[in-house]
Amino acid sequence: MTEDKNDGATRELPRTEDEWRVRLTPAEFRVLRQAGTEPAWSGEYVDTKTAGVYHCRACGAKLFDSTTKFDSHCGWPSFDDAIPGTVVEIEDRTLGMVRTEIRCANCDSHLGHVFRGERMTAKNTRHCVNSLSIRLEPSE
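Reading the values: rules and limits
- Once a new chain begins, its residue numbering starts again from 1 and follows that chain's sequence as written.
- Whole-chain, interface and lining totals are the exception, using all residues; otherwise, since this is a predicted model, local features are given only for residues with pLDDT of at least 70 and side-chain atom pairs are given and counted only at 80 or more.
- The basis for the side-chain values is all heavy atoms of the structure; hydrogens and waters are excluded.
- Helix and strand definitions follow DSSP, with helices as H or I runs of at least four residues and strands as E runs of at least two, each counted in order from the N terminus.
- For the exposure calls, accessible area comes from a 1.4 Å probe over protein chains only, and a residue counts as buried if that area is under 20% of its type's maximum, exposed if over 50%, partly exposed in between.
- Within 3.5 Å is the distance limit for a polar contact, defined as a pair of N or O atoms, with the added protein rule that one can donate a hydrogen and the other accept it, and that residues adjacent in sequence qualify only through two side-chain atoms.
- UniProt positions are given in the numbering used here, feature names are shortened, and annotations may be inferred rather than shown by experiment.
- When DSSP locates at least two bridges between a pair of strands, those strands are taken to pair.
- Buried Ala, Val, Leu, Ile, Met, Phe, Trp, Tyr and Cys residues that are joined via side-chain atoms within 4.5 Å together make up what is termed a nonpolar core.
- Contact criterion: two residues are considered in contact whenever any of their non-hydrogen atoms come within 4.5 Å of each other.

The next point concerns the environment of T86. Locating T86 in the fold gives a position in the loop between strand 4 (78–79) and strand 5 (87–92). Residue classification places T86 among the buried residues on the basis of a relative accessible area of 2%. C-alpha of T86 to C-alpha of T50: the two residues are 36 residues apart in sequence and 21 Å apart in space. A polar side-chain atom of T86 sits 3.4 Å from the main-chain carbonyl oxygen of L63.

In this section: the UniProt feature "domain: MsrB" (unreviewed entry) in the protein. As annotated in UniProt, the feature "domain: MsrB" (unreviewed entry) corresponds to residues 17–139 in the numbering used here. Across residues 17–139 one finds 11% helix and 34% strand; the C-alpha atoms that close the span lie 32 Å apart.

Taken in spatial order, the 6 strands make up an open sheet running 3-4-8-7-6-5, and their pairing is antiparallel. Of all the strands in the sheet, the pair left with one neighbour each is strand 3 (69–70) and strand 5. In this structure, strand 3 lies alongside strand 4, joined through 2 bridges in antiparallel fashion. Across the sheet, F70 pairs through a bridge with S78, a residue of strand 4.

Turning our eyes to something else, we now look at the nonpolar core. Counting 24 residues, the largest nonpolar core has L63, F64, C104 and C107 as the members making the most contacts within it. When contributions to this core are tallied by element, the ones reaching two or more residues are helix 2 (26–32), strand 1 (52–56), strand 2 (62–65), strand 6 (99–104), strand 7 (110–116) and strand 9 (134–138). The contact partners of L63, leaving out residues within four places of it in the chain, are Y54, H55, C56, A82, I83, T86, V87, C104, L111 and I134.

This is how it looks when you write it as structure tokens:
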């Protein structure tokens, strides 16, 4: 059994892609398990300003605090930092370029990509995340 270690919950994670297909909608599966990208400006969290914590939509692990979200005007939710230890970076050479993919450290689901050196924030980092990869838990 794989357990979610980031939010205190214990729940079994799917072991096969077929099991993930049952848990996720087709659009979520395409993004989270097949490293797809939702169309720019289509995601529910692009313009969200609500305070809270963003969790992995696949496994529920905490990933990003809303205080790190900023307007990058790129068409996807952007965060200048992840909660430490929750995101794994992987070199991505698809589409004829070198980028850095980010995945959930708990369930290995695709979140988006991280970009550095754009000078958009003091941390000089932009985690460009698909709305379909995350779910907001608003603060009380």
